[in-house]
Amino acid sequence: MQIPATFLRPLILALVIVVLVWMLVSSELVRSLPQRRERVGGHGQWLLGGGVGLYDGFFGPGTGSLLVLALQRWLGLDPVAASAAAKVVNLATNAGALVVFAASGSVLWLAALPLAVGNVCGGWLGATMAVRLGGRLVRGVLVCVVLLLAVKAGLESFP
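Here's a quick rundown of the structure. (Residues numbered from 1 in each chain as written. Predicted model: local features only at pLDDT ≥ 70, side-chain atom pairs only at ≥ 80, totals over all residues. Heavy atoms only, no water.)

1. Points about helix 3 (residues 63–75)
Part 1 of the argument: Across the 13 residues of helix 3, 11 count as buried, placing the element largely inside the fold.
Part 2 of the argument: Inspection of helix 3 places Thr63, Gly64, Ser65, Leu66, Leu67, Val68, Leu69, Ala70, Leu71, Gln72 and Leu75 among the buried residues, and these make up the whole buried set.
Part 3 of the argument: In this structure, the buried side of helix 3 is in contact with helix 1 (5–25), helix 2 (42–58), helix 4 (79–103) and helix 6 (135–157).
Part 4 of the argument: Of the residues one or two after helix 3, Gly76 is the one with positive phi, at around 75 degrees. (Buried < 20%, exposed > 50% of the residue type's maximum accessible area, 1.4 Å probe, protein only. Helix = DSSP H or I, 4+ residues; strand = E, 2+ residues; numbered from the N terminus. Contact = heavy atoms within 4.5 Å.)

2. Some remarks on a nonpolar patch on the surface
Part 1 of the argument: Taken together, the side chains of Ile3, Phe7, Leu11 and Phe58 define a hydrophobic patch exposed on the protein surface, amounting to about 340 Å² of accessible area.
Part 2 of the argument: Checked against the element boundaries, Phe7 lands in helix 1.
Part 3 of the argument: Of the residues examined, Phe7 reaches a relative accessible area of 48% and is grouped as partly exposed. (Patch = residues over 30% accessible without salt bridge, like charges linked within 9 Å, V, L, I, M, F, W, Y side chains within 5 Å. Areas by Shrake-Rupley, 256 points an atom, 1.4 Å probe, with all protein chains shown as cover. Salt bridge = Lys/Arg side-chain N within 4 Å of Asp/Glu carboxyl O.)

3. Things to note about the pattern of salt bridges
Part 1 of the argument: Applying the stated criterion across every chain yields a total of one salt bridge.
Part 2 of the argument: Notably, a salt bridge pairs Glu156 with Lys152, separated by 2.6 Å at the nearest N-O pair. Of this pair, Glu156 and Lys152 both sit in helix 6, four residues apart, which is roughly one turn of the helix.
Part 3 of the argument: Taking relative accessible area as the criterion, Glu156 reaches 37% and is therefore assigned partly exposed.
Part 4 of the argument: Lys152 gets classed as partly exposed once you look at its relative accessible area, which sits at 44%.

Following this line, the structure appears as structure tokens:
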């Protein structure tokens with residue numbers, strides 16, 4: 001809340017573009033990873049969680065996509081399992097953020113409540129489709145969402 005948006009917008013754009021390029025060139029996303037057995041240990045998981053948490057707390061946009069990529073790459077989860085786990089982590093971080101912003105009086109409840117209902121409905125629909133259609137759907141949706149996020153961040157950074 002203390003850092004000006006004019007500083008953050010170009011930084012968010014750069015980070016989203018890095019994630020998008022990683023998604024497009026990464027062979028990890030082209031195939032499911034059930035055979036992968038390299039997994040980060042306890043300390044690596046702390047670093048991974050702390051890094052994603054720091055990104056989510058400071059920037060926010062694209063955290064779910066970043067989580068899916070990280071869970072696939074470093075924990076060896078298949079795309080559907082990574083997407084499901086990312087939803088749970090995102091819910092927890094959003095609940096924490098809600099407590100902080102509510103305590104500071106910064107929540108617009110009339111906007112937040114319909115958004116929360118839409119988020120739950122979208123999550124349920126997305127999870128149902130991912131289970132039925134598999135990892136290809138997850139990858140396609142991730143690429144589209146991050147691409148749209150990059151366009152949005154670009155338009156906000158350079159009006």
